[in-house]
Each structure stands twice: as structure tokens, then as C-alpha cells.
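Structural overview for review
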Amino acid sequence: MREALAKHDGLVRSAIEGHGGFVFTTAGDAFCAAFSAPLQAISAALEAQLRLKDEDWGALGDLRIKTALHTGNADERDGDYFGPPLNRCARLLSTGHGGQILVSSATANLVQDNLPPGLGLKDLGAHTLKDLERAEHVFQITHDGLRDGFPALRSQQPVLDAAEQLAEGRQAHSAQEWEAAFLSLSGAAQTVPLEAEDLQRLGEAAFWTGRGDEGISIREKAYGAYTKEGKSQQAALIALALADSYKYRLANAVSKAWVARAESLTGDAPGTEAYGYLMRWKSVASFEVEGQPERALELADEVTAIGTSLDNRSLRALGLQDKGRFLVALGRIDEGMSLIDEAMISAVAGELTPDATGRSYCNMLSVCDEVADYQRATEWSDAAQAWCEQHSDSAYPGVCRIVRAELKWLRGDWVTATAELDQAVDELRGFTPIIGAALYQKGEVRLRSGDLAEAEELFRSAHEHGYSALRGLAELQLAQGNPEAAAQLLADALSGGNVGPLARAKFLPSLADTELALGDIEAAKTAVEELEGVAAMCGSSAMRASALHRRAAISIIEEDPSSAIASLRDAIRGWNELQMPYETAQSRLLLAEAQHAAGFDSAARLELSAAKSAFAILGVNVDTDRVEGLVSI
């Protein structure tokens with residue numbers, strides 16, 4: 001055998017080098033060689049096989065070798081080659097048999113039209129290769145001097161034919177197994193053209209697996225296919241889905257064009273599903289863009305009615321939750337939240353499509369955030385989290401994670417919150433303003449931790465992504481000792497008449513703090529009174545505690561420590577019930593100052609110690625020197 005291997009090595013190396021090849025490594029009896037052109041490699045492989053076949057191997061009988069060829073861009077380093085093409089070639093080699101020359105589809109495509117006379121390509125079909133996600137379409141070199149018939153390739157499994165892939169893809173889509181659906185349907189599409197309905201399924205699977213840009217392209221093809229088939233209602237639904245995708249990529253002109261196309265398709269078909277979803281789009285636009293709340297409410301009612309008449313629970317639920325969030329924004333909190341809860345029941349019960357479920361969860365969490373109803377958000381969050389984990393790596397889970405992350409960092413779990421936000425950014429590829437929301441939340445965490453430089457970078461990045469970061473930037477300026485700059489940012493944010501009471505409430509604590517830093521007590525009182533009014537309207541414990549904290553700060557300045565102490569004890573009670581340790585510690589720090597002013601230094605030291613302990617647990621760099629200096633007097 002030793003003599004046979006030496007002869008084998010000489011023959012193989014001679015065939016490689018005789019056709020311009022370069023042997024860059026050997027391993028045992030295996031040769032790895034590179035060629036500048038695939039025909040050179042095929043010629044070398046053919047010569048090696050023919051010479052080995054014709055050689056007299058004596059008592060050994062025949063000596064047969066496996067050969068595999070693949071073409072790709074490899075990395076060269078110190079005379080050796082690395083990278084995915086070598087891995088694919090090795091996996092292809094492992095599937096073959098002695099005496100066989102296998103080539104990948106990349107190589108076959110390059111040579112199929114100019115093979116020398118006597119050479120051919122035999123199609124062995126597509127196969128799944130070990131550890132490789134993309135299947136490989138394998139071909140065998142045929143020649144009169146080579147054996148033609150071989151056993152089946154030793155692949156992981158043969159790739160299903162198009163009909164089988166379509167069946168599996170449809171079944172996976174129905175089961176909401178999105179990755180499997182995408183792989184099966186896209187695999188089928190490589191062999192046969194997909195019909196409109198299968199393109200729609202593939203586009204949806206692309207969306208749910210985080211392939212946003214690819215999903216848009218596929219849905220555009222589905223739209224064209226439905227139009228060609230004369231199915232205007234299905235085409236209209238695809239047009240609205242595309243309008244949504246372009247909207248979140250800030251391509252507003254393209255988005256509006258798709259809405260107009262949907263309208264032209266559904267204008268003569270009121271009461272249909274497509275018409276209902278068009279009315280929903282118009283309802284949202286009336287409220288969020290055109291500033292026509294009454295029109296938006298009327299359209300939301302129409303959406304709900306169409307959903308009810310068609311027994312389309314998803315459309316009905318979306319109409320209910322849209323009306324609910326509009327009412328909340330208009331200050332009709334109880335009425336609006338009741339409708340949102342009703343829609344959420346359908347989502348939790350699994351009655352809605354994945355799209356409607358995702359929208360319901362995201363909108364519910366967002367509305368709870370608007371009214372600072374963190375208790376309600378927490379109660380629904382577990383259900384939302386279970387659903388999101390089933391649909392990870394897509395847009396809705398990314399959106400859900402942002403609000404869920406806020407609940408986490410408000411409760412002191414800053415590490416988990418930051419990890420959630422990082423994952424959200426990864427899941428939201430292409431959804432520019434929503435990525436900005438995730439970056440903004442990260443900035444809030446860094447601001448509280450005392451890392452002002454990173455907080456500023458995150459706020460500015462959020463702003464660049466189309467998300468308003470003025471409140472965070474104002475809080476940052478205040479933390480840096482620039483109340484004038486903070487006041488300008490807040491004035492910009494609150495300018496104009498389109499900022500409703502709930503939107504204003506988000507800025508009022510910062511506004512009160514800024515006015516106090518500027519020495520304008522009356523302006524600070526005005527901001528606190530407005531915040532107290534919104535808190536009463538919403539029934540928000542968090543807003544109430546925030547207002548009490550600012551009310552206490554005013555009382556300290558006005559030398560009324562007794563009132564400050566009473567306010568702060570109520571605030572701390574509220575923060576504790578909401579499990580918000582950072583805010584609790586801030587109020588304890590202010591309480592220590594008020595107790596010192598009232599002459600209760602022992603109590604002040606107790607509160608100061610509790611605040612410092614909480615900040616240490618959170619890992620917060622908070623300057624307590626001034627209060628410590630007061631208390632130690």
C-alpha cells in the first residue's frame with residue numbers, strides 16, 4: 001500500500017500541475033488544489049481519474065478516488081486558502097464515491113456551455129450538505145472512459161422536489177413556523193415560478209424571519225401576480241402591507257403611492273376585507289397625520305363594523321384598539337383603555353392573525369407607556385412576551401421589546417433592559433424610527449447611570465433615526481448644568497398646538513426641574529399643577545409620584561419643609577408600589593434634605609443611607625455630596 005500511495009500521489013500531483021493547478025495543501029492521501037479556471041480543474045480531475053483507472057495496481061486491484069470541484073472567492077494567506085468555498089467543496093467531496101467527479105452548481109454554470117467534446121454534466125439534483133444552510137445542486141462529470149452509474153450521494157438528505165417543498169412550505173406557514181416556511185417556499189421558487197398566493201406566503205415568512213428588504217421585494221412580486229390574475233382585493237391587501245413597510249422606512253412618497261393603489265382597487269367594493277383595512281389606514285392617518293380625531297373615530301367604528309359583519313375578528317380587534325388609543329390620546333382614558341383591553345382578550349385567546357396580534361400587543365404596551373400605567377402594562381406583558389418569543393427575529397417582537405425593556409429598567413433591571421434593547425435594534429433592521437425609540441431608551445438608562453457621554457451619543461443617534469430625543473437631550477443638559485439649553489430644547493418640543501396633554505405630561509417633570517434650576521418658581525409650579533391634572537385624569541400613580549416629588553422640591557425652596565416631607569413620603573410610597581428603585585432613591589435623597597431643613601437630622605441620615613444603598617445596587621454614579629454635607633452639619 002505504501003508503494004501504491006506514492007504512485008497515487010505522483011499521478012495526482014502531475015495531473016494537477018500539468019493543467020496549471022497549484023497544490024496548496026495535502027492531508028494524508030487528499031490533495032487540495034487551486035486553479036485559475038474551472039475547465040482546467042475539470043481537465044486535471046479527468047486526467048487523474050483516467051490515469052488511476054488505467055494503472056496496474058497489482059494485488060490491490062483498483063484504486064479509486066473521490067473528486068469534487070467548486071468555484072468561489074477564497075481567502076489566500078501564506079500560500080494557503082481559507083473560507084466558505086473550501087468548506088463547501090469538502091462537504092461536496094464527502095458525498096461522492098470512488099471514481100466519481102462531482103461539481104457544484106457554481107462550477108457547472110461556468111462550464112456547461114463550453115465543455116470539451118466527450119465531456120458532459122449529469123444532473124444529480126439538489127442536496128443538503130452537512131452543516132451548510134444552503135442546499136447544493138450537484139452535477140457529475142460524464143466521460144466515455146469513466147464509470148457512469150454510482151450509488152446515491154451520501155448527503156444529509158436529498159432536497160425535496162418543488163411540489164414537495166410547496167406542500168411543506170404551505171403547511172409550515174399555516175403553523176406559523178416562519179423559518180421553515182421561508183426555506184421551503186424559497187427552495188421551491190428556485191425551481192418553479194410561485195403563484196401569487198405562495199408569493200404572499202413567502203413574503204409574510206420573510207417579514208417574520210427578519211428579512212425585511214427581501215420581504216418587500218417578494219410582496220411586490222405577489223402584488224404583480226395578483227394583479228395579473230385579476231384578484232384586485234388580494235392585490236389591495238398586499239399594497240397596504242407594502243405601504244406599511246415603506247412608511248417605517250421613512251419612504252413616505254412610496255408609502256402614499258401604495259395606499260393610492262390600494263384605494264383604486266377597493267373603491268368600488270365597500271364592505272370587503274380589503275376595504276376594511278384601507279379604512280383602518282385612513283383612520284390612523286386621520287389621527288396621527290391629519291389631526292382629525294373625530295374623523296379618525298368614525299373610521300375606526302367603520303372598521304369595527306366591517307370586521308363584525310365579515311366575522312373577521314382581526315379586523316374587528318384592530319378597529320377596537322385603534323379607537324381605544326385615539327380616545328386615550330384625547331383624554332377619555334377609561335373609555336379608551338376598556339376598548340384596548342377588549343381587543344387584547346382576542347389577542348391572548350389566539351383568535352387573531354399574527355399581524356393583528358402583534359399590532360394589538362405593541363399598541364397596548366405603547367398606550368400604557370403614554371399614560372404611565374405601568375401596572376397594567378406589566379399584567380399584559382407576560383402574555384406579550386410569550387407571543388414575542390414565538391415570533392423572534394422580526395419587527396413586532398422588536399417593537400414589543402422596547403416597551404418591555406422600559407418596564408425592566410424602571411424596575412431597576414438595567415442589564416436585562418439593555419440586552420432587550422440591543423436585541424430590538426437587531427430585530428428592527430430597516431424600521432428606522434422604531435430603532436430610534438430603542439436607542440432613546442438605552443440613552444435613558446445611561447443617563448440614569450451617570451454615563452452622560454454615552455447617553456448623549458445614544459440620544460443623538462435616536463434623533464438621526466427619526467425619533468424625537470428632545471426630552472432626553474434636555475435632561476442631559478440639565479444634568480450637565482446647562483438649564484438654559486435644557487429650557488430651549490423643551491420649548492422646541494412643546495411648541496405648536498398639536499401636543500396633547502399626555503404627550504405634554506412626558507415633558508412636564510423635566511420642565512419643572514429646569515424652571516427650578518433657572519430660579520423661576522412660579523413657572524415650576526405651573527408645570528407641576530399641569531402634571532397633577534394629567535395624573536388625575538389618567539389615574540396614574542407614576543405621574544402623581546413624579547408631581548409630588550417636584551412639589552416637594554418647591555416647598556423646600558419656599559422654606560416649607562413640613563409640606564415637602566409629607567409630599568415626599570407619599571411619593572416614596574407610590575414609587576415603592578410601582579417597584580421603581582431609582583425614583584424611590586431620588587425621592588429619599590430629597591427627603592433627607594427636607595428632614596434636615598426641619599431639624600430631623602437622624603431621620604435625614606437614615607433616608608440618605610437608604611438612597612445611597614439603592615444607588616450602589618443600581619450601579620449609579622449620583623452626586624450626594626451636597627446632601628451629605630447638609631445632613632452632617
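Note that the structure is predicted; figures quoted are calculated from it, not measured.

Along the backbone of the protein there are 29 helices and 9 strands. Its C-alpha atoms give the protein a radius of gyration of 34 Å, more than 25% over the compact-globule value 26 Å for 633 residues. Dimensions of the protein, computed from C-alpha atoms along their principal axes, come out at roughly 110 × 70 × 40 Å. Taken across its 633 residues, the protein has 49% of its residues classed as buried.

Here we take up the environment of W281. You can see W281 is positioned in helix 11 (residues 273-288). You can call W281 buried: its relative accessible area is 19%. Through-space distance from the C-alpha of W281 to that of V303 is 9.7 Å; in sequence the pair is 22 residues apart. When sequence neighbours within four positions are dropped, the list of residues in contact with W281 reads L240, A243, D244, K247, S255 and V259.

Turning our attention to the state of the cysteines. Tallied over the full model, the rule gives 0 disulfides. C32 takes part in no disulfide bond, and the closest cysteine sulfur to it belongs to C89, at a distance of 7.7 Å. With no disulfide of its own, C368 lies closest to C538 among cysteine sulfurs, the gap being 11 Å.

The subject of this paragraph is a nonpolar patch on the surface. Residues M1, L5 and L60 make up a contiguous nonpolar surface patch of about 260 Å² in total accessible area. Summarising the element assignment, M1 is placed in the segment before helix 1 (2-18). Since its relative accessible area comes to 55%, M1 is described here as exposed.

Attention now moves to helix 13 (residues 313-329). Relative to the 24 Å expected for 17 residues at 1.5 Å per residue, helix 13 spans 24 Å between its end C-alpha atoms, a close match to the ideal helical length. Among the 17 residues that make up helix 13, 14 are buried, leaving the element largely enclosed by the rest of the structure. Two to three positions downstream of the cap, the backbone nitrogen of S314 sits 3.2 Å from a side-chain oxygen, assigning the N-cap of helix 13 to N312. In the segment just after helix 13, G331 is the residue with positive phi, at about 95°.

A few words now on the layout of surface pockets. Within this model, the second largest pocket holds a volume of roughly 1,200 Å³. What lines the second largest pocket is a set of 39 residues, among which F31, C32, A33, A68 and C89 lie closest to the centre. At the level of elements, helix 1, strand 2 (30-34), helix 2 (38-54), strand 3 (67-69) and helix 3 (84-94) are the ones that each hand at least two residues to the lining of the second largest pocket. Tallying contributions element by element places helix 3 first for the lining of the second largest pocket, with 6 residues. In the lining of the second largest pocket, the residues fall into 28 nonpolar, 8 polar and 3 charged.

A few words now on the pattern of salt bridges. For the coordinates displayed, the defined rule picks out 43 salt bridges. Of the charged contacts, one joins R51 and E47 as a salt bridge, the two residues approaching to 3.2 Å between their closest N and O atoms. Here E47 and R51 lie together in helix 2, a separation of 4 residues that amounts to about one turn. Overall, the relative accessible area of 32% leaves R51 in the partly exposed class. Taking the relative accessible area as the measure of exposure, E47 reaches 26% and is therefore partly exposed.

Now for helix 14 (residues 333-348). Under the 1.5 Å per step criterion, the end-to-end length of helix 14 is 22 Å for 16 residues, consistent within 8% with the ideal 22 Å. Every buried residue of helix 14 is listed here: I333, G336, M337, L339, I340, D341, A343, M344, S346 and A347. Positive backbone phi, approximately 75°, marks G350, located one or two places after helix 14.

Bringing unusual backbone geometry into the picture now. In this structure, L250 is a non-glycine residue whose phi angle is positive, near 65°. Looking at where L250 falls in the secondary structure, it is placed in the loop between helix 9 (232-247) and helix 10 (252-266).

Let us look at the packing of helix 6 (residues 178-189) against helix 7 (residues 196-208). With their axes 8 Å apart at the nearest point, helix 6 and helix 7 run at an angle of 135° to one another. The angle between helix 6 and helix 7 falls in the class oblique. The handedness of the crossing between helix 6 and helix 7 comes out as left-handed. Across the interface between the two elements, W178, A181, F182, L185 and S186 of helix 6 pack against D198, R201, L202, E204, A205, A206 and W208 of helix 7. Looking at the contact of helix 6 with helix 7 residue by residue, the classes come out as 8 nonpolar, 1 polar and 3 charged.

Here the focus is the nonpolar core. In this structure, I402, L502 and M543 are the most contacted members of the largest nonpolar core, which totals 93 residues. Ranked by residue count, the leading element in this core is helix 25 (residues 541-557), at 9 residues. Other than its neighbours up to four places away in sequence, M543 contacts E370, V371, A372, L502, A505, L531, V534, A535 and C538. Within the second largest apolar cluster, 57 residues are counted, among which are L278, V284, L318 and F326.

Criteria and cut-off values
Residues numbered from 1 in each chain as written. Predicted model: local features only at pLDDT ≥ 70, side-chain atom pairs only at ≥ 80, totals over all residues. Heavy atoms only, no water. Helix = DSSP H or I, 4+ residues; strand = E, 2+ residues; numbered from the N terminus. Rg over C-alpha atoms; globule rule 2.2 N^0.38 Å. Buried < 20%, exposed > 50% of the residue type's maximum accessible area, 1.4 Å probe, protein only. Contact = heavy atoms within 4.5 Å. Disulfide = S-S within 2.5 Å. Patch = residues over 30% accessible without salt bridge, like charges linked within 9 Å, V, L, I, M, F, W, Y side chains within 5 Å. Areas by Shrake-Rupley, 256 points an atom, 1.4 Å probe, with all protein chains shown as cover. Salt bridge = Lys/Arg side-chain N within 4 Å of Asp/Glu carboxyl O. Expected span 1.5 Å × (residues − 1). Polar contact = N/O pair within 3.5 Å; in protein donor to acceptor, adjacent residues only side chain to side chain. 1 Å grid on protein atoms, 1.4 Å probe; cavity = no way out; pocket = protein on both sides within 12 Å on 5 of 7 lines; lining within 4 Å. Points joined across faces, edges and corners; volume = space filled by probe spheres on them. Nonpolar A, V, L, I, M, F, W, Y, C, P; charged D, E, K, R; others polar. Axes fitted to C-alpha atoms, helices over the stretch in contact; angles between N-to-C directions. Parallel < 35°, antiparallel > 145°, perpendicular 65-115°, else oblique. Left-handed = near helix turned anticlockwise from the far one by under 90°. Core = buried A, V, L, I, M, F, W, Y, C linked by side-chain atoms within 4.5 Å.

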